[in-house]
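A look at the structure
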Amino acid sequence: EGDISDELWDYSMINRNFFNNVLPYIEENYNVSEESKDRAFAGLSRGGYLTSILYAEHPTEFGYFGILSGVWDGLVEPGALDQYDNLNSPKVMLGYGEYDNVVSLDNIHAVHDNLEAKGVDVVDNPVFGAHDWFAWSQLFEDVALDFVGK
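Residues numbered from 1 in each chain as written. Predicted model: local features only at pLDDT ≥ 70, side-chain atom pairs only at ≥ 80, totals over all residues. Heavy atoms only, no water.

**Focus: the side chain of S69**
Residue placement: S69 occurs in the loop between β2 (64-68) and β3 (91-97). A polar atom in the side chain of S69 sits 2.8 Å from the side chain of W136. Sequence-distant contacts of S69, that is, excluding residues within four places in its chain, are made with S45, G95, Y96, G97, D100, V103, H131, W136 and L139. (Helix = DSSP H or I, 4+ residues; strand = E, 2+ residues; numbered from the N terminus. Polar contact = N/O pair within 3.5 Å; in protein donor to acceptor, adjacent residues only side chain to side chain. Contact = heavy atoms within 4.5 Å.)

**A short note on the pattern of salt bridges**
On inspection of all chains with the given rule, the structure shows 5 salt bridges. Taking the shortest distance from any N to any O, the salt bridge between D82 and K118 comes out at 2.8 Å. With D82 in the loop between β2 and β3 and K118 in the loop between α3 (105-117) and β4 (122-127), this residue pair connects regions lying 36 residues apart in the sequence. Its relative accessible area of 53% is what places D82 among the exposed residues. The exposure class assigned to K118 is partly exposed, which follows from its relative accessible area of 40%. (Salt bridge = Lys/Arg side-chain N within 4 Å of Asp/Glu carboxyl O. Buried < 20%, exposed > 50% of the residue type's maximum accessible area, 1.4 Å probe, protein only.)

**Here we look at the sheet that holds strand β1 (residues 40-44)**
The strand order across the open sheet built from 4 strands is β1-β2-β3-β4, with neighbouring strands paired in parallel fashion. Taken across any chain shown, the strands that pair with only one partner, and hence form the sheet edges, are β1 and β4. When strand polarity is set aside, the average angle formed by the axes of neighbouring strands in this sheet is 15°. The pairing of β1 with β2 spans 5 bridges and is classified as parallel. (Pairing = 2+ DSSP bridges. Axes fitted to C-alpha atoms, helices over the stretch in contact; angles between N-to-C directions.)

**Structural notes on helix α4 (residues 133-148)**
Since the α-helix advances by 3.6 residues per turn, residues separated by three or four positions end up pointing in the same direction. In α4, a bend of some 30° at D142 exceeds every other bend along the element. Regarding α4, the residues found buried are A135, W136, L139, D142, V143 and F147. Taken together, the buried residues of α4 touch β1, β2, β3 and β4. (Bend = angle between axes of the 7 residues up to and from the residue.)

**Quick word on the layout of surface pockets**
In this structure, the largest pocket spans a volume of roughly 250 Å³. Surrounding the largest pocket, 13 residues form its lining, R46, Y49, G70, V102 and V103 being those nearest its centre. Class assignment of the residues belonging to the lining of the largest pocket gives a composition of 5 nonpolar, 6 polar and 2 charged. (1 Å grid on protein atoms, 1.4 Å probe; cavity = no way out; pocket = protein on both sides within 12 Å on 5 of 7 lines; lining within 4 Å. Points joined across faces, edges and corners; volume = space filled by probe spheres on them. Nonpolar A, V, L, I, M, F, W, Y, C, P; charged D, E, K, R; others polar.)

**Some points on the pairing of β4**
When β3 meets β4, the two strands line up parallel, connected through 6 bridges. Counted as the bridge partner of Y96 is P126 from β4. With α3 bridging β3 and the parallel β4, this β-α-β connection has right-handed handedness. (Right-handed = clockwise from strand over helix to strand, strands pointing away.)

What follows is the structure, encoded as structure tokens:
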């Protein structure tokens, strides 16, 4: 109870649900592009963790990934990215509050360095704030207006 550990999150099921149900629903019911270059996926906190997994496993499905205040540990270690292909297809933003005390900033910086070493177009986007809506409102605006909306 109250535990949000990885054991309670079935990311493969979440991915299947997204690609089999959510994305088709959006494409059928809203005036959106079906081209990956025109799509963005972003998430905050545990959603940032999910976004980093989606990025690693499905990098060609979106033109932009906003990994915000959360990052999958599977991308942290040097060489961790070697098992994934096409990581340089989309643009990636790693955003976080400078005073975040929930997510390891060292891990975020390590992922940034790993992506940069692979030649990925990655933006480091620290904002004033912590692991809270003060930081996240800034990050959402940065993703929507300055990263995707350019």
